[in-house]
Amino acid sequence: MADEYLRCLNTEQLRAVRHPHHVPLQILAGPGSGKTKVLTSRIAYLILHEHIQPQSICAVTFTNKAAREMKERLTKLIGKAKVEEVKTGTFHALCALFLRRYPNRVGVKSNFTVCDSDESKTILKRLLNPYKGYLDERHLSLEVRTVMSVISKAKSKGQTPHDLATSSNDIDHVIGELFESYERFLRENNSLDFDDLLVYGVRLFSQQQVSNWCQHVLVDEFQDTNTLQYDLMRHIASSSRCVTIVGDPDQSIYGWRSAEVANLARMKLDFPATVQIYLEQNYRSTASILRASMAIVSQDKTRIPKTLHTSHSNGCTPVLQCFPSEQEESACIAREIKRLSAASGGLLGWEDFVILLRMNSLSRSLESALRKEGIPCRVLKGQKFFEPYLQVVDNPDFVPAFERVINVPGRGIGDKTLGEILRAAHAKHISPLAFIERIYDGRVPDTKPPVKRKIASFVKAVRELRTAARQGTMPADIIRALLGLVEYEEHLKRTQPDADTRWENVMELINFASEVQTDLNDYQYALQDLTEDVEAGGDNERDQDWDDMPAETEAVELDEEGFVEVKPATPGIAAAQEDRASEASTPLRLFLQASMLSGDSGEGGEEGEREKVTISTCHSAKGLEWPVVFVPAVEEGTFPFALSEDTNEERRLLYVACTRAQNLLYLSHCTKRLVAGKQMGRKLSGFVCAVIEDSPDIFAENMPEFDRAALEQMAAILAREIPSEEVVARKLAEFYRTDHYHQFTDTSSKAMSTTFVAADAVYRADAGKSVEQR
Ligand code: ATP
Ligand code: MG
């Protein structure tokens, strides 16, 4: 039984899983070839056969969702207790975890706020304003997006503002100054943006004591690591030298975020003994989906050709359809989902469908079309209105959050008053929250009574929430309390015509909070575990080092009124302060971190409820798979995206989207679309035109026949994974209209397609019915 997971691997996969622990390994292969499966199995193998301690294994995934999936898969192999000890997460999440634990080592405060890219944009927009006149005079223009991207690239290369500001080029010079102000702003507001998490993470992990705990590091989706992430990996693996990475250069889609496929070659230099293993069999998709996907990606003549074959039969030909408008496209997708769901007799649940978009802005008409058909859907990135409120509670220094919520719901605090509050707080070197608390407490003479009245409800709410947070109240309960305190439902009813829908969304967000909450146990566990790793570590000398290291920064404490008082830290007591700081990692703080990290870094959202159709960006879908995939708006301007600088990367993105499909793939495009408020004529994407010219039969125009053969193949593909057999059996039972699904789980066979046949046989014997008789 213990080796069951090894028996369902092919020869090459098995070779990769059992590859000697101490020899660095690169597994390179196309989509659906089982890279992630091999990585997961290798972790199990390291623990069960090589007796590596689970807590000294670090598994890096690209998204939080992928981390959760990996944990789910691992749980089936090695049990929950061991899985929780393995450090699994994105590079960002791992950095955040360690930075909260050892903030003083790198000069941050433990209650830093993670600033997502929307937030960064808002900050930069404001910093850019004063430069407008200067640029106009020189007939130059500079967009926030460009500034963000240049700064982010500079950070990932380890450049400082000074490196840019000294440029003689006008634009670079301005960006350099903006970079400097932006960094200052982040530090003053006690926040770290996504790049900072990595920058400070690298600093932390380059200290030998921190990297010592890790005996083996494994990285999924390695082709999308940037230089900082690569450096992190190198530092984490610096003492053990044991590394396993999996990747696929054809799926590199984060060049725009400075990802470097060249890291594959770098790794071979840094870890000279590195061995490469290639996997060539695709287990995910039908042959016709694989053929269409390969036809798309192989248009890129610069790419190194790769073999990928499948043992699955052709299945339904992928569909390519043209619509006159996005409304019709969306309506047709919604109807098709309904049709398939009904025709599959329960085999396909809503969660088996995904709609993959080039950009979030395309989701609106799809959401409303799905709603019209009564199909529940979840959009991966939601506006979480409560986030800034909770940020203010957790980190009063973070001014952008304060500005967002001080007047929500409307308290009649105008821009002028707000400006005065901010200026006064700044002058006194305290947070604006601390300042209005002083006003509320009557400690600011000359405050006008109306101002006092207006801020009263806000201060009361924040104080109440802060107490709850410090007592360790769970985030979902804090959000519920917040809704009551600020009378949010009434506020919506007063101000929004679609208050009901919005309120429903808020309720959804509470569900989201409850889900993240379950994950918090893992975070807390990991933190606690980490303390033991580093502090017990069996190496007293090293522990001594920890304590003796002078603190590089000043420690922060909240006085009883919640004002931030900065006191110089005494060298020698840094470690003790760190302990105290990490104890203060309340569930709320961990929740905020999980929530902010899920909003970006390539992902866009939490798992959310099951049994819903997913609408996601193509980027966020990386590494995942669904039985049915729709890719709308496959048009010039969208695919490739008009603003993208790298056409080949756009093509790979479409390839990634198509290779998510297991059984059915639908591409569509419109002849007209509303773009930035204007109706624009649209043309089919050149990526697809090229394919049709070469092989017109790769796509079909009509919707596929969803007959018994299609259904059986689907059941076979869905059934192949041992962990999901029970799920498939349950679905089959639904299909055969019986509640006794457990009779279908008795298929210990790993041969995938046998599940369906076995289920059919069992059912026939048991109930005397067969598919044909239905
Ligand atoms: P991507 O590049 O898209 O991340 P991947 O190479 O990581 O793909 P996986 O997600 O690991 O591929 O595997 C794709 C599917 O194939 C999964 O459902 C997995 O369970 C299944 N699979 C992989 N190897 C086998 C195997 N030997 N037998 C049966 N199913 C397999
Ligand atoms: Mg994968």
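Sequence positions are assigned chain by chain, starting from 1 and proceeding in written order. The lettering of chains begins at A and the numbering of ligands begins at 1, in the order of writing. Side-chain atom pairs in this predicted model are given and counted only at pLDDT of 80 or more, local residue features only at pLDDT of at least 70, and totals for whole chains, interfaces and linings cover all residues.

As for the overall build of the chain
Helix and strand labels come from DSSP, where a helix needs a run of H or I of at least four residues and a strand needs a run of E of at least two; each type is numbered from the N terminus. A count of helices and strands for the chain gives 35 helices and 20 strands. The exposure label follows from counting other C-beta atoms within 10 Å of a residue's C-beta, where the C-beta atoms are placed from the backbone and the thresholds are 20 or more for buried and 12 or fewer for exposed, leaving partly exposed in between. Here the chain, with 774 residues, has 47% of them falling under the buried criterion. Counting only contacts in the chain whose residues sit at least 6 apart along the sequence, the fraction spanning at least 24 positions is 76%. C-beta atoms are placed from the backbone for every residue, and two residues are taken to be in contact when these atoms lie within 7 Å.

Observations concerning the nonpolar core
If you look at the biggest cluster of nonpolar residues, it comprises 120 residues, and the most contacted ones within it are Ile 43, Cys 95, Leu 99, Tyr 200 and Val 217. With 8 residues, helix α13 (residues 194-205) is the largest single contributor of residues to this core. Contacts of Ile 43, omitting those with residues within four sequence positions, involve Ile 57, Ala 59, Leu 74, Val 86 and Leu 218. By definition, a nonpolar core groups buried Ala, Val, Leu, Ile, Met, Phe, Trp, Tyr and Cys residues that connect through C-beta atoms lying within 7 Å of each other. Of all hydrophobic cores here, the second largest spans 61 residues; its members include Ala 259, Leu 370, Phe 699 and Leu 718.

Structural notes on unusual backbone geometry
Phe 639 connects to Pro 640 through a cis peptide bond whose omega is 5°. Tracing the backbone through its elements, the reader meets Pro 640 in the loop between β17 (626-631) and α31 (647-658). We note that His 429 has phi near 60°; this positive angle belongs to a residue other than glycine. Mapped onto the elements, His 429 comes out in the loop between α22 (415-427) and α23 (432-440). At Glu 487, a position not held by glycine, the phi torsion is positive, near 50°. Among the structural elements, Glu 487 can be located in the loop between α25 (475-485) and α26 (488-495). Its 14 C-beta neighbours within 10 Å are what place Glu 487 among the partly exposed residues.

Some remarks on the UniProt feature "domain: UvrD-like helicase ATP-binding" (unreviewed entry) in the chain
UniProt positions are given in the numbering used here, feature names are shortened, and annotations may be inferred rather than shown by experiment. The UniProt feature table records "domain: UvrD-like helicase ATP-binding" (unreviewed entry) at residues 8-286. Structurally, residues 8-286 comprises 52% helix and 12% strand, and the distance from its first C-alpha atom to its last is 19 Å.

Considerations on the environment of Asp 195
Tracing the chain through its elements places Asp 195 in helix α13. Along the chain, Asp 195 and Asp 116 lie 79 residues apart, while their C-alpha atoms are 9.9 Å from each other. Contacts of Asp 195, omitting those with residues within four sequence positions, involve Ser 152, Lys 155 and Ser 156.

Details of the packing of α22 against α23
Each axis is a line fitted through C-alpha atoms, and for a helix only the stretch in contact is used; angles between axes span 0 to 180 degrees, taken between their N-to-C directions. At a minimum axis distance of 8 Å, the contact between α22 and α23 shows a crossing angle of 105°. Judged by the inter-axis angle, α22 sits roughly perpendicular to α23. Two secondary-structure elements touch here, α22 through Ile 421, Leu 422, Ala 424 and Ala 425 and α23 through Pro 432, Ala 434, Phe 435 and Ile 436. Here the residues of the contact of α22 with α23 are counted per class, giving 8 nonpolar, no polar and no charged. Note that the term roughly parallel is reserved for angles under 35 degrees, roughly antiparallel for angles over 145, roughly perpendicular for angles of 65 to 115, and oblique for everything else. Throughout, the ten residues Ala, Val, Leu, Ile, Met, Phe, Trp, Tyr, Cys and Pro are labelled nonpolar, Asp, Glu, Lys and Arg are labelled charged, and all others, Gly among them, are labelled polar.

Re the packing of α13 against helix α15 (residues 227-236)
Each pair of packed helices can be summarised by the angle the axes make with each other and by the distance between the axes. Two elements in contact, α13 and α15, have axes separated by 9 Å at closest approach and are oriented at 20°. Relative to α15, the element α13 is oriented roughly parallel. The chirality of how α13 crosses α15 is left-handed. Taken together, the residues of α15 that come into contact with α13 (itself represented by Leu 198, Val 199, Gly 201, Val 202 and Phe 205) are Leu 228, Gln 229, Asp 231, Leu 232, His 235 and Ile 236. For the contact of α13 with α15, the per-class residue count stands at 7 nonpolar, 3 polar and 1 charged. Two helices that cross are described as forming a left-handed crossing if the nearer one is turned anticlockwise from the farther one by less than a right angle, and a right-handed crossing if clockwise.

Looking at the domain arrangement of the chain
Throughout the structure description, domain borders are defined by an automatic or database domain assignment. Segmenting the chain into domains produces domain 1 (4-110 + 195-279), domain 2 (113-189), domain 3 (293-376 + 610-738) and domain 4 (386-521). Distance from the C-alpha centre of domain 1 to the C-alpha centre of domain 2: 32 Å. In this complex, domain 1 contributes 9 residues to the contact, which on the side of domain 2 involves 7 residues. The set of elements that each furnish at least two residues to the side of domain 1 that touches domain 2 consists of α13 and α15.

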